[in-house]
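Chain residues, written in single-letter form:
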Amino acid sequence: MLEPMMDAYRIADEPYYRSVAHEIELFEAAYDSRTPVMLKGPTGCGKTRFVEHMAWRLGRPLITVSCHEDMTASDLVGRYLLDADGTVWHDGPLTLAVRHGAICYLDEIVEARQDTTVVIHSLTDDRRILPLEKKNEVVVAHPDFQVVISYNPGYQSVLKDLKESTKQRFGAIAFSYPDLTIEAEIVGREAGIDLEMAAKLVRIAERSRNLRGKGLDEGTSTRMLINAGRLIAKGVPPARACQFAMVVPITDDADIRDALTGAIDACL
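Predicted model, so just to flag it, every value in this text is computed and none were measured.

Participant: Just give me the short version of empty space enclosed by the protein, but keep the residues and values in it.
Facilitator: Tallied over the entire structure, the rule returns one cavity of 30 Å³ or more. Taken as a whole, the largest cavity encloses approximately 30 Å³ of empty space. Lining the largest cavity, in full, are Ile204, Ser208, Thr220, Met246, Val247, Leu260 and Ile264. Those elements that place two or more of their residues in the lining of the largest cavity are helix H9 (195-209), helix H11 (238-247) and helix H12 (254-267). Of the residues in the lining of the largest cavity, the class split is five nonpolar, two polar and no charged.

Participant: Break down the packing of helix H10 (residues 222-233) against H11 for me, citing the residues and quoting the values.
Facilitator: Contact geometry for H10 and H11: axes closest at 8 Å, N-to-C directions at 145°. Where H10 crosses over H11, the handedness of that crossing is right-handed. Contacts from Met224, Leu225, Asn227, Ala228, Leu231 and Ile232 of H10 reach H11 at Pro238, Ala241, Phe244, Ala245 and Met246. Tallied by class, residues from the contact of H10 with H11 come to ten nonpolar, one polar and no charged.

Participant: Which residues make up the pattern of salt bridges, and what values do they have?
Facilitator: If the charged atoms of two oppositely charged side chains come close together, the side chains can form a pair. Applying the stated rule across the entire model yields 18 salt bridges. We note a salt bridge from glutamate 28 to arginine 57, for which the minimum N-O separation is 2.9 Å. Note that glutamate 28 is positioned in helix H2 (residues 23-32) and arginine 57 in helix H3 (residues 47-58), a separation of 29 residues in sequence. Aspartate 125 is the salt-bridge partner of arginine 127, the closest N and O atoms lying 2.8 Å from each other. A cluster of three or more residues bridged by salt bridges with shared partners is formed by Asp91, Arg99, Lys135 and Glu137.

Participant: Provide a residue-level description of the pairing of strand E8 (residues 146-151), including the pertinent values.
Facilitator: Burial analysis of E8 places six of its six residues in the buried class, the great majority of the element. Side chains Gln146, Val148 and Ser150 of E8 all project onto a buried face; the interleaved residues Val147, Ile149 and Tyr151 project onto the opposite face, where all are buried too. Here strand E1 (residues 37-40) runs beside E8; their pairing, made up of four bridges, is parallel. In the sheet register, methionine 38 faces E8, and the bridge partner there is isoleucine 149. Relative to E8, strand E5 (residues 103-107) is paired through four bridges, and the arrangement is parallel. Counterpart to isoleucine 103 in the pairing with E8 is glutamine 146.

Participant: Hey, could you go over unusual backbone geometry for me, with residue numbers and the actual values?
Facilitator: Residues apart from glycine generally show negative phi values, whereas peptide bonds are mostly found in trans. You will see that arginine 128, though not glycine, has its phi angle at about 45°, which is positive. The class of arginine 128 is buried, set by a relative accessible area of 16%. Despite not being glycine, asparagine 136 shows a phi value in the positive range, around 55°. Within the fold, asparagine 136 resides in the loop between strand E6 (129-132) and strand E7 (137-140).

Quick notes on the rules
- Note on numbering: residues in each chain are counted from 1, in written sequence order.
- Totals for whole chains, interfaces and linings use every residue, but because this is a predicted model, local features are given only for residues with pLDDT of at least 70 and side-chain atom pairs only at 80 or more, for both listing and counting.
- Only hydrogens and water are set aside; all other atoms, that is, all heavy atoms of the structure, feed into the side-chain values.
- For cavity detection a 1 Å grid was placed over the protein atoms alone, and a set of points counts as a cavity when a 1.4 Å probe fits there but cannot get out; an open set counts as a pocket when protein lies on both sides within 12 Å along at least five of seven lines, with lining residues being those that have an atom within 4 Å of a point.
- Grid points are joined across faces, edges and corners, and a volume is the space filled by probe spheres set on the points.
- Secondary structure follows DSSP: runs of H or I at least 4 residues long count as helices, runs of E at least 2 residues long count as strands, and numbering of each begins at the N terminus.
- All amino acids are sorted into three groups, where Ala, Val, Leu, Ile, Met, Phe, Trp, Tyr, Cys and Pro are nonpolar, Asp, Glu, Lys and Arg are charged, and the leftover types, Gly among them, are polar.
- Fitted lines through C-alpha atoms give the axes, limited to the stretch in contact for helices. The angle between two N-to-C directions lies from 0 to 180 degrees.
- The crossing is said to be left-handed when, going from far helix to near helix, the turn is anticlockwise and less than a right angle, and right-handed when the turn is clockwise.
- Residue contacts are defined here by distance: any two heavy atoms, one from each residue, within 4.5 Å place the two residues in contact.
- Take a side-chain nitrogen of Lys or Arg and a carboxyl oxygen of Asp or Glu: if they are within 4 Å of each other, that pair is a salt bridge.
- Only protein chains enter the accessibility calculation, which uses a 1.4 Å probe; a residue is then buried when its area is under 20% of its type maximum, exposed when over 50%, and partly exposed in between.
- One bridge is not enough; two strands pair if DSSP finds at least two bridges between them.

Spelled out as structure tokens, the structure:
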């Protein structure tokens, strides 16, 4: 009865992922020992795709939670709700994963309040339990359960950082943008454009990333390159696609827009 419930979280087809170092082997070893995994890296560099690929590779359901500042512990573990049968307990996404042996992926965990994220502490040490205080129940984690979190160190601040007691429960894999040749291969494959055009988009992104801290909080991500490439594949002129997907979304500063437009003109 329980396994069909998890079918919605299973990944049927292999998500494309281009390994750039030894991250697949590291994750597999961590999963074998049920070591919680932290993925660190800039926005849009492939962290979520990597988790999807690993869930497919390991044959485990993947339950993803996009963390935000209004998220409460009840949003993760569950709550009593009133329905046609009266007041009934509903498991939250974390509890579902714990009960049924899924990988629970807490995306951008620093966006959540620290008093919310501490609920994972008892799951990330030798106890591997989840107390449900409102239900007066302690759920012992399924042997296949695994916790994965991600965050972008570039967004860290005193107010938005993980507690040390949380960080030290995880092994970590650092992500960055791949080198230009591999990134062009990824963009070409994902967007359905030829390698020459993909390489041009990557060169524009490289110039954008050099502006980080000089007017841009973040440079152009691999995800944005893929979005631009997909528009180009649909027949949108490349310069227009780049403005739409790579320039206008990331800055309102006229000088920065001019600089990025110059990079587009130079690279296309």
